[in-house]
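Architecture at a glance
Single-letter residue listing:
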Amino acid sequence: VTAISRPAAAQPAADISAYQGVWVYIEQFAGQARNVGLELLGEGRKLAEAMGQRLAAVVIGDGIEPLAGELFASGADKVYVVEGAEYRHYSTDAYTAALTDLIDTYKPAVILMGATNDGRDLGPRVACRVGTGLTADCTSLGIDEETGLVAWTRPAFGGNIMATILCPNHRPQMGTVRPNVFKRPVPDSTRRGELVRVAGKIKPQDIRTQLIEILSVSDTAACNLEEAQFIVAGGRGLGASGNFALIEELASVLGGAVGASRAAVEAGWKPAIHQVGQTGKTVAPKVYIACGISGAIQHLAGMSTSDIIIAINKDADAPIFKSANFGIVGDVLEVLPVLIEEIKKI
Ligand code: FAD
């Protein structure tokens, strides 16, 4: 079901024609662009071409100007860089101020951001500051033929309908998009563009939170599903919470992340942050190993673009085998220990 929402604004924003161009906010960590920003450059390029406009990337941080080359290669015509020590780590105050200033000055028509922890914090706050709306957690983007507006599509009502949202009366049109729903564009290192350095205006005393120390990144690696190359996911077929230790061990041997079906999450075997699927995360690793997962359509919605899918299930007729490149029919509690031992030998 598709619901088209065309809300009539009480007061149309003044002169929306002044807003031009498609922007992609590039999230970075330690000077590396997160995949989602690059994925959105590919999609942003399509939107910009369909709208006859230019594509710009926006990156905020410290020592991040060298990223510009990669952003041009991935499709940006222009890169806005806001640099400074106060932007070294993500902070809501500093990044909101920087992005809001950029929008007020340069007036983009569209802004795409990743639906990551940072994007979900930054996007709504900036949208509110500049007086526009935001469609959160989109899973597809397009152009509405009737109006030429960006059509933002996202699951609604617990995933039971797909709603397409338009933003007719305010600018910029803003949305966050789930990681891994689009493929990264193939970089073209011959592409060049315009670099715009913008001085951030925030004063250190206006930043109300301070990152004191990063204690550990190991736990986040285990549930960093969106960037993982290998994911081992467990479902109801594991039978008990304690059996997830096998999933964790295989994920650790492969240097990958741990996923879970909704049934496993609802059973309390894994926190919701691990859920893969329509109402969980969308993932696209090189290898996805589904253990004791039946392959319901809502689970497949979150992992079917994985390069290689391996399924372990005791039921030879389980639907997951229709999507799997390799299948093992057997008891997951017997197969996993053997698999772990064999992989350890490599
Ligand atoms: P089951 O469907 O119960 O499958 C368990 C499988 O394990 C079976 O195939 C069985 O043969 C196998 N098995 C049992 N014992 C063993 C054993 N010892 N060894 C090997 N195999 C064994 N689900 C998601 O995962 N993610 C979502 O985001 C999501 N969103 C949803 C949104 C909506 C609106 C709705 C209605 C549902 C959603 N669901 C989602 C739920 C989805 O429909 C399924 O109910 C769920 O994916 C089932 O999880 P499962 O495969 O672990 O369990």
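Calculation rules
Residues numbered from 1 in each chain as written. Predicted model: local features only at pLDDT ≥ 70, side-chain atom pairs only at ≥ 80, totals over all residues. Heavy atoms only, no water. UniProt positions renumbered as here; feature names shortened; annotations may be inferred. Pairing = 2+ DSSP bridges. Helix = DSSP H or I, 4+ residues; strand = E, 2+ residues; numbered from the N terminus. Axes fitted to C-alpha atoms, helices over the stretch in contact; angles between N-to-C directions. Contact = heavy atoms within 4.5 Å. Near = heavy atom within 4 Å. Polar contact = N/O pair within 3.5 Å; in protein donor to acceptor, adjacent residues only side chain to side chain. Areas by Shrake-Rupley, 256 points an atom, 1.4 Å probe, with all protein chains shown as cover. 1 Å grid on protein atoms, 1.4 Å probe; cavity = no way out; pocket = protein on both sides within 12 Å on 5 of 7 lines; lining within 4 Å. Sits in = over half its atoms within 2 Å of the grid points. Nonpolar A, V, L, I, M, F, W, Y, C, P; charged D, E, K, R; others polar.

An unreviewed UniProt entry lists the chain under the name Caffeyl-CoA reductase-Etf complex subunit CarE, from Sporomusa termitida. The UniProt entry for the chain carries the following text under Sequence similarities (unreviewed entry): "Belongs to the ETF alpha-subunit/FixB family."

This part covers the sheet that holds strand 6 (residues 78-83). Strands sit in the order 8-12-7-2-5-6-13 across an open sheet of seven strands; the sheet is parallel. One side of each edge strand has no neighbouring strand; the edge strands of this open sheet are strand 8 (134-138) and strand 13 (194-199). Direction aside, neighbouring strands of the sheet carry axes that sit 20° apart on average. Here five bridges tie strand 2 (residues 22-26) to strand 5 (residues 55-61), and the two strands are oriented parallel to one another. Opposite W23, over in strand 5, you have A56 as the bridge partner. The strands touched by helix 1 (residues 35-51) within the sheet are strand 2, strand 5, strand 7 (110-114) and strand 12 (173-177), with strand 2 carrying the most contacts at an inclination of about 175°. In this fold helix 4 (residues 117-130) packs onto strand 2, strand 7, strand 8 and strand 12, with an angle of close to 155° to the strand it touches most, strand 7.

Around the ligand, a shell composed of 26 residues is seen, among which R236, S261, T279, S294 and N313 lie nearest. Within the backbone of G237, one N or O atom sits 3.4 Å away from a nitrogen atom of the ligand. A distance of 2.8 Å is found between an oxygen atom of the ligand and a side-chain nitrogen or oxygen belonging to N313. Contact with the protein chains hides 80% of the accessible area of the ligand, taken as 980 Å² for the molecule alone. Cavity membership is defined here by more than half of the atoms lying within 2 Å of grid points; on that basis the ligand lies in the second largest pocket. Mapped by element, the contributors of at least two residues to the shell around the ligand are helix 7 (262-266) and helix 8 (297-303). A breakdown of the residues in the shell around the ligand according to their chemical character gives five nonpolar, 16 polar and five charged.

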